[in-house]
Amino acid sequence: MHVDRFERYWLIIIAAVMGAFFAALLAGALIFGVRLPSNPTQYINPLAVDEEFPEPGLRDMGNGQYTVYILAQMWRFDLGSDEKDADGNDVIRVPAGSQVTFSITSRDVTHGFIIERHNANIEVVPGHVGNVTVKFETPGEYRMLCHEYCGQGHHRMHATIIVEE
Ligand code: CUA
């Protein structure tokens, strides 16, 4: 079979690039232990979240570290907070410089969880507990939003974290 010279060059280049990518994939997985961020580390019985998941709420762990347990459900994030925004959604407050771990699960369908202007993005799947830790340096109000369509109230599903001076 005749293969044109330049076509052969391109085939070699493509094979080399694919080989490099595959080697990087293997090295990442086997040497550096890279895993998908959504890889669940904790499982929970989705029919027994009240028994198996901690009471929703913000816990002060000391040293500027906080943990907040969140229960996602149609169509709100329950942060166990007494403070509400104008729409009746939960509001929590932490001081600037805090490092907050969000631990979240769902009691019904799949939801999403992102925090405005911060690197946090969880697919909230029933039966899984998602965890993400975020450092809040800049004071302000940041919404936590559901980014997975979860029914007719999806677009209203949010909560707020206020980072205070
Ligand atoms: Cu919950 Cu969309």
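Residues numbered from 1 in each chain as written. Predicted model: local features only at pLDDT ≥ 70, side-chain atom pairs only at ≥ 80, totals over all residues. Heavy atoms only, no water.

Overview of the nonpolar core
- Among the nonpolar cores identified, the biggest contains 27 residues, and I70, F77, F102, F113, I115, F136 and M144 are the most heavily contacted of them.
- Contributing elements (two or more residues each) for this core: β3 (65–73), β5 (91–95), β6 (98–106), β7 (111–115), β8 (121–124), β9 (128–136), β10 (140–145) and β11 (158–164).
- Ranked by residue count, the leading element in this core is β3, at 4 residues.
- With near-sequence residues (within four places) excluded, F102 lies in contact with V68, I70, F113, I115, G130, N131, V132, V134, F136, M144 and I161.
- If you look at the next biggest cluster of nonpolar residues, it comprises 5 residues, including I44, V49, F53 and V129. (Core = buried A, V, L, I, M, F, W, Y, C linked by side-chain atoms within 4.5 Å. Buried < 20%, exposed > 50% of the residue type's maximum accessible area, 1.4 Å probe, protein only. Helix = DSSP H or I, 4+ residues; strand = E, 2+ residues; numbered from the N terminus. Contact = heavy atoms within 4.5 Å.)

Topic: the domain arrangement of the protein
- For the protein, the domain assignment lists domain 1 (1–36) and domain 2 (42–164).
- Spacing between the C-alpha centres of domain 1 and domain 2 amounts to 40 Å. (Domains from an automatic or database assignment.)

Here we look at helix α1 (residues 5–30)
- Helix length check: α1, at 26 residues, gives a terminal C-alpha distance of 37 Å against a target of 38 Å (1.5 Å per residue), a fit within 8%.
- At the N-terminal boundary of α1, the capping side chain belongs to D4, with an oxygen 3.0 Å from the backbone nitrogen of F6. (Expected span 1.5 Å × (residues − 1). Polar contact = N/O pair within 3.5 Å; in protein donor to acceptor, adjacent residues only side chain to side chain.)

Some points on the environment of H154
- Topologically, H154 is positioned in the loop between β10 and β11.
- Once the C-alpha coordinates of H154 and P95 are considered, the two residues, 59 residues apart in sequence, prove to be 29 Å apart.
- Ignoring sequence-local partners within four residues, the contact set of H154 consists of W75, C146, H147, E148 and Y149.

Overview of the environment of V129
- Tracing the sequence through the fold places V129 in strand β9.
- Residues V129 and P46, spaced 83 residues apart in sequence, show a C-alpha to C-alpha distance of 9.9 Å.
- With residues near it in sequence (within four places) discarded, V129 still touches Q42, I44, F53, S103, I104 and T105.

Topic: the pairing of β11
- With 6 of its 7 residues buried, β11 lies for the most part within the structure.
- Direction of pairing for β5 relative to β11: parallel, over a ladder of 5 bridges. What sits directly across from V91, in β11, is T160.
- Sheet analysis places β10 next to β11, joined by 6 bridges and oriented antiparallel. Each residue of the ladder has a partner; that of E141, found in β11, is I162. (Pairing = 2+ DSSP bridges.)

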